[in-house]
Amino acid sequence: MLAIGTQAPHFEGVIETGEHVSLADYAGRKLVLYFYPKDSTPGCTSEACDLRDNYNRFLAQGYEVLGVSKDSAASHQRFIEKYQLPFHLVADTDMTILKAYEAWGEKKMYGKVTMGTLRTTYVIDEKGVIVDAIGKVDTKNHSAQIL
């Protein structure tokens, strides 16, 4: 996990609409950058819906929310439409962003070690500095962990 107080790594990616997005697009704004394993799975859906339900609270405090997974832009579009998510999702199919933010690594599941997305959230300030890093995400109450 990246250290609090460090500069957030630059990233560029494609969101669900096919448009490009980068960290520079959020300069001067606070950003909640969250990494999750897979669209439409139970934990990821709970996390996204909790962020959706509290989205106006994030906006009121000056935050924008951006999700990242290795799913395709088309998968993200379906996920957004199905759950009416008000924020963008980045398709990091080559895992460049996941690796830059140390959100890709070894996971243990049922005693088996595999490589996968590590559910992680970074809060980045207006200057691009990481001010919080959450590695033990409570998918049903993630907004409370951030706010």
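Residues numbered from 1 in each chain as written. Predicted model: local features only at pLDDT ≥ 70, side-chain atom pairs only at ≥ 80, totals over all residues. Heavy atoms only, no water.

(A) Region of interest: the overall build of the protein chain. When its secondary structure is counted, the protein chain shows 5 helices and 9 strands. The order of α-helices and β-strands along the protein chain, N terminus first, is β-β-β-α-α-β-α-β-α-β-β-β-β-α. Rg of the C-alpha trace for the protein chain: 14 Å, near the compact-globule value of 15 Å for 147 residues, within the 12% margin. In terms of principal-axis extent, the alpha carbons of the protein chain reach across some 40 × 35 × 30 Å. Split into buried and exposed, the 147 residues of the protein chain put 48% on the buried side. If you take every contact in the protein chain between residues at least 6 apart in sequence, the share linking residues at least 24 apart comes to 61%. For the protein chain, the accessible surface area stands at approximately 7,400 Å², while carbon and sulfur atoms represent 51% of it. One way to put it: in the protein chain the 16 positive side-chain charges average out to a point 7 Å from where the 19 negative ones average out. (Helix = DSSP H or I, 4+ residues; strand = E, 2+ residues; numbered from the N terminus. Rg over C-alpha atoms; globule rule 2.2 N^0.38 Å. Buried < 20%, exposed > 50% of the residue type's maximum accessible area, 1.4 Å probe, protein only. Contact = heavy atoms within 4.5 Å. Areas by Shrake-Rupley, 256 points an atom, 1.4 Å probe, with all protein chains shown as cover. Lys, Arg positive; Asp, Glu negative; His and termini not counted. Charge placed at Lys NZ, Arg CZ, Asp CG, Glu CD.)

(B) Local environment of the nonpolar core. Among the nonpolar cores identified, the biggest contains 23 residues, and L33, F35, Y101, Y122 and I124 are the most heavily contacted of them. It is strand 3 (residues 30-35) that provides the largest number of residues to this core, a total of 3 residues. In this structure Y122 touches M1, L2, L31, V32, L33, F35, Y101, E102, I130, D132 and A133, once residues within four positions along its chain are discounted. Within the second largest apolar cluster, 21 residues are counted, among which are V32, C44, Y63 and Y83. (Core = buried A, V, L, I, M, F, W, Y, C linked by side-chain atoms within 4.5 Å.)

(C) View of the sheet that holds strand 3. Spatially, the 7 strands line up as an open sheet ordered 2-1-5-4-3-8-9, and their pairing is mixed. Strands with a single pairing partner mark the edges of an open sheet, and in this sheet they are strand 2 (20-22) and strand 9 (130-134). Between one strand axis and the next, the sheet turns by 30 degrees as a mean value, whatever way the strands run. The sheet contact formed by strand 8 (residues 120-124) and strand 9 spans 4 bridges and is antiparallel. Bridge pairing in strand 9 places I124 opposite I130. The strands that helix 3 (residues 73-83) touches are strand 1 (12-15), strand 4 (63-69) and strand 5 (88-91); relative to strand 5, the one it contacts most, it runs at about 160 degrees. (Pairing = 2+ DSSP bridges. Axes fitted to C-alpha atoms, helices over the stretch in contact; angles between N-to-C directions.)

(D) Looking closely at the layout of surface pockets. The calculated volume of the largest pocket comes to roughly 170 Å³. Looking at the lining of the largest pocket, the elements with two or more residues in it are strand 6 (104-109) and strand 7 (112-117). Considering every element that reaches the lining of the largest pocket, the biggest residue donor is strand 7, with 4 residues. In terms of residue class, the lining of the largest pocket is made up of 4 nonpolar, 3 polar and 4 charged. (1 Å grid on protein atoms, 1.4 Å probe; cavity = no way out; pocket = protein on both sides within 12 Å on 5 of 7 lines; lining within 4 Å. Points joined across faces, edges and corners; volume = space filled by probe spheres on them. Nonpolar A, V, L, I, M, F, W, Y, C, P; charged D, E, K, R; others polar.)

(E) Geometry of the side chain of T120. Residue position: T120 is located in strand 8. Polar side-chain contacts of T120 include one of 2.8 Å to the backbone oxygen of L118. (Polar contact = N/O pair within 3.5 Å; in protein donor to acceptor, adjacent residues only side chain to side chain.)

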